[in-house]
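Results of the structural survey
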Amino acid sequence: MAVRARVGGGERGQQMSVVVAYAWAELPQDATVRSDGTVDWTAAKPALTPGDAAAIARGREAADALGTECIGLCAGGPSAGTPSATKAALARGVDRAVVVADAALTFAGATRLGMVLAAAIDRLGDVDLVLTGEGPGVSDAATAAAVLAGRLGWPLLSGVTSVTADASGTTVERIGDRRAQRLRVAGPAVLAVSDQAGQPAPPGMADVLAAATKPVGRLELSALRVPEVAPGTVTATAKAEPAARRGQVIDGADAAEAASRLLVALRGEGLLGEADR
Amino acid sequence: MSTYLLISRHRGTAELLRAASAIGEPITTVVVGDRALADEVAAGGVTGVRRVPRADDTPVEAYAAGVASLVARAEPGAVLASDDAGGRALLGAVAAALVAPVLAEVTAVARTAHGISVTRAVAGGIATETRTFAGPIALALDVSRRRASERATPRGAPDAAGALGSDAPRSGASQPGRVGGAPDGNDAAATTPEPAATVEEVAVTPLSVTVLDDRPAERDGDLATASRIVAVGRGLRAKDDLGLIADLADALDAEIACSQPLSDWLGWLPSDRLVGVTGRHVAPDLYVVLGISGQPQHTEGTRGASTVVAVNSDPDCPYVREADYAVVGDLYAIVPELIAALETAGGRARAR
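Residues numbered from 1 in each chain as written. Chains lettered and ligands numbered in written order. Predicted model: local features only at pLDDT ≥ 70, side-chain atom pairs only at ≥ 80, totals over all residues. Heavy atoms only, no water.

**Concerning the pattern of salt bridges**
Residues and elements named next belong to chain B. Applicable threshold: Basic side-chain nitrogens of Lys or Arg form a salt bridge, by our definition, when they fall within 4 Å of a carboxyl oxygen of Asp or Glu. Buried means the residue's accessible area, taken with a 1.4 Å probe over protein chains only, is under 20% of the maximum for its type, while exposed means over 50%, and partly exposed covers the values in between.
Taken as a whole, this structure holds 24 salt bridges over all chains when the rule is applied. The salt bridge involving Arg88 is made with Asp83; its shortest N-O contact spans 2.9 Å. By relative accessible area, which is 22% here, Asp83 ends up partly exposed. Counted as one network, the salt bridges with shared partners bring together Arg35, Asp39, Arg51 and Glu201.

**Thoughts on the confidence of the model for chain A**
All names here are of chain A. Selection rule: Known as pLDDT, the predictor's confidence for each residue is given on a scale from 0 to 100. Secondary structure is summarised from DSSP: a helix means a run of H or I of at least four residues, a strand means a run of E of at least two, and numbering begins at the N terminus for each. Whether two residues are in contact is decided by their heavy atoms, any of which lying within 4.5 Å being enough.
Residues with a pLDDT of 70 or more make up 91% of chain A, whose mean pLDDT is 88. Predicted confidence in chain A is weakest over strand β2 (residues 25–26), with a mean pLDDT of 84, and strongest over strand β7 (residues 96–101), with 98. Every residue in residues 1–10 is under pLDDT 50, and counting partners more than four places away or in other chains gives 24 contacts.

**So, the packing of aromatic side chains**
Heads up, the condition is: Within 6.5 Å between ring centres, the rings of Phe, Tyr and Trp (the latter by its six-membered ring) count as paired, and their orientation is classed by plane angle as stacked under 30 degrees, edge-to-face over 60, tilted in between. Look at NZ for Lys and CZ for Arg. If either is within 6 Å of the ring centre and within 35 degrees of the ring normal, a charge sits over the ring.
Taken as a whole and judged by the stated rule, the model has zero aromatic pairs over all chains. Over the ring of Tyr332 of chain B we find Arg237 of chain B; its NZ or CZ atom is 3.8 Å from the centre of that ring.

**Some words on the side chain of Arg184 of chain A**
Operational definition: Under this definition, polar contacts are N or O atom pairs within 3.5 Å; protein pairs additionally need one hydrogen-donor-capable and one acceptor-capable atom, and for neighbouring residues in sequence, both atoms have to be side-chain atoms.
One can find Arg184 of chain A in strand β11 (residues 179–185). Only 3.0 Å separates the side chain of Arg184 of chain A from the side chain of Ser168 of chain A, close enough to count as a polar contact. Once residues within four sequence positions are removed from consideration, Arg184 of chain A is found in contact with Asp166, Ser168, Gly169, Thr170 and Thr171 of chain A together with Ser208, Val209, Thr210 and Leu212 of chain B.

**Observations concerning the sheet that holds strand β14 (residues 307–312) of chain B**
Sheet strands pair via backbone hydrogen bonds, and the direction of the pair is either parallel or antiparallel. The condition that has to hold: Between any two strands, at least two bridges found by DSSP are needed for them to pair. Axes here refer to lines fitted to C-alpha atoms; in helices the fit is confined to the stretch in contact. Angles between the N-to-C directions go from 0 to 180 degrees.
Strand order in the open sheet formed by six strands is β15(A)-β15(B)-β14(B)-β13(B)-β11(B)-β12(B), and the pairing between neighbours is parallel. Looking along the sheet, the strands with just one partner apiece sit at the ends: β15 (248–251) of chain A together with β12 (255–258) of chain B. Within the sheet, the average angular offset between the axes of one strand and its neighbour, ignoring direction, is 20°. Examined bridge by bridge, strand β11 (residues 228–232) of chain B and strand β13 (residues 286–290) of chain B share five bridges and lie parallel to one another. Its bridge partner being in β13 of chain B, Ile229 of chain B is matched across the sheet by Tyr287 of chain B. In the packing of helix α6 (residues 242–252) of chain B onto the sheet, the strands contacted are β11, β12 and β13 of chain B, and the crossing angle to β11 of chain B comes to about 165°.

**Overview of the packing of α6 of chain B against helix α10 (residues 331–344) of chain B**
The axes of two packed helices give the description: the angle between them and the distance between them. All names here are of chain B. For the record, the criterion: Roughly parallel covers angles under 35 degrees, roughly antiparallel covers those over 145, roughly perpendicular covers 65 to 115, and oblique covers all other angles. Crossings are assigned a handedness: left-handed for a near helix turned anticlockwise from the far helix by less than a right angle, right-handed for a clockwise turn. Put simply, Ala, Val, Leu, Ile, Met, Phe, Trp, Tyr, Cys and Pro go in the nonpolar bin, Asp, Glu, Lys and Arg in the charged bin, and everything else, Gly too, in the polar bin.
Two numbers describe how α6 lies on α10: the axes approach to 9 Å, and their chain directions differ by 30°. With respect to their mutual orientation, α6 and α10 come out roughly parallel. Crossing of α6 over α10 shows left-handed handedness. Facing α6, whose interface residues are Leu244, Asp247, Leu248, Ala251 and Leu252, α10 presents Tyr332, Val335, Pro336, Leu338, Ile339 and Leu342. Partitioning the contact of α6 with α10 into residue classes produces 10 nonpolar, no polar and one charged.

The structure is reproduced here in structure tokens:
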């Protein structure tokens with residue numbers, strides 16, 4: 001494992017880049033479940049998630065503050081290397097895109113994806129801040145970010161809503177577990193940016209046109225020499241069943257009575273505060 | 001091979017212990033936190049506890065690299081953590097060190113003749129998938145979803161294993177073969193508690209991350225952290241009627257959410273209010289649903305909710321069956337009465 005933690009609190013050199021690792025994956029909103037319980041993805045279209053869009057925006061800001069470049073990095077199946085995919089990131093503000101597009105990575109597990117991203121970052125060199133998108137719909141991407149951080153030997157901070165990068169480190173604000181925190185990272189880090197970090201405006205025509213002129217680099221999966229990860233054997237698939245619920249029905253014909261009965265039940269469960277008694 | 005648990009907080013500990021016990025191997029726990037948490041876990045029937053003291057101004061994530069080295073040396077067959085920020089950071093580092101597959105949104109674990117069987121939600125939760133692994137694996141347990149699925153008996157009554165469903169680990173929870181999360185759902189009765197395991201102190205140097213400020217999140221619109229949510233759907237007739245919904249949310253000290261039509265189609269609410277397969281997955285204590293029929297595209301985002309209250313005029317809509325409490329009536333009549341009753345009781349509700 002390549003451990004890239006910096007020792008001490010040395011100054012960032014201007015050659016240190018900011019990388020935004022974004023996903024280009026089919027989102028589940030248009031996926032359906034077949035009668036055998038398997039998922040049918042044919043109608044699902046790949047796209048950037050709102051979390052990735054927020055991550056690119058925060059990455060752009062961090063790179064500008066540091067006077068360095070912002071690199072978009074994507075690893076996935078063949079669609080990750082298509083012009084649609086690269087332009088989606090380039091138009092949102094990365095200076096160049098680097099892709100690892102290989103059929104072997106289609107629906108790759110989080111461990112393999114995270115290790116591929118780490119190997120690609122090792123190839124890029126001189127990177128000390130990686131941002132990823134976090135948000136609904138792509139849970140494997142969040143776990144891949146954790147593997148990426150682990151492979152690099154860097155801390156992973158999730159739920160990030162604000163990033164302020166300077167010469168000696170990064171100040172991060174985040175929300176999670178019903179708490180709001182502000183943290184300071186002295187060395188390199190992987191930051192998972194929440195989709196609640198503020199959605200940037202969609203790219204305009206000038207951004208789209210500029211994207212066509214920005215460079216796209218490709219890394220071959222075979223050259224990264226990432227070990228295989230055993231995928232396991234699928235033994236069962238099923239449509240998700242709803243969680244067991246009480247199923248208590250209250251007739252709402254008399255609205256006042258129904259409201260009263262409901263609130264009595266909720267107070268009985270301790271779900272309403274003392275002020276309501 | 002042993003099973004390792006990575007624990008950094010009280011919440012979810014009981015669920016993790018039950019899942020680990022289903023694998024049937026000795027359980028060693030790495031606790032990143034204070035001695036009280038380590039002692040609590042040690043009393044939960046595990047084989048051993050290795051406690052990593054955590055500085056108050058250093059987040060759990062800063063210890064991930066050191067914990068990964070510690071766990072990897074033990075060559076475990078399975079490593080489990082809760083599917084939250086701290087758990088994922090620890091688990092991801094361990095998975096990288098072991099080059100082991102890591103799976104999130106896990107709801108059930110079992111030992112089979114062919115290895116360890118893992119069931120998890122996939123594709124935004126519209127389906128589940130079970131895979132069997134012969135080699136080491138890392139599992140992020142969806143504690144809120146597991147807790148909701150384990151609620152097979154009325155609240156307050158013992159479940160099939162004799163526990164009351166508290167967050168504290170139960171004595172005897174480590175019975176090998178007691179499948180708290182097996183696909184077939186079997187769960188034996190509790191047996192005599194085992195003596196508490198020894199707590200070994202292990203010093204781990206954290207990476208340089210410092211907490212500068214830490215405070216409770218205010219009611220700031222973050223659905224992921226909200227303890228109460230009022231969600232509205234197409235039963236709302238006009239955008240101007242959102243004021244009525246806001247009044248109920250104020251009375252309950254709740255956040256406002258919506259189904260897909262109101263955000264993506266009508267634009268009445270921003271997309272960060274959307275709950276469902278393509279929106280937020282929430283786990284509030286109380287989820288009040290107004291004028292939403294209960295299609296899977298929405299309900300999948302609410303599986304972690306402790307209590308669901310639905311108000312709908314259609315007695316045949318899915319939510320009437322899939323809520324804890326369903327009021328069948330006109331929301332335009334019911335909601336004002338709820339607001340009036342809450343305000344008459346002496347002020348706004350207090351979020352717990």
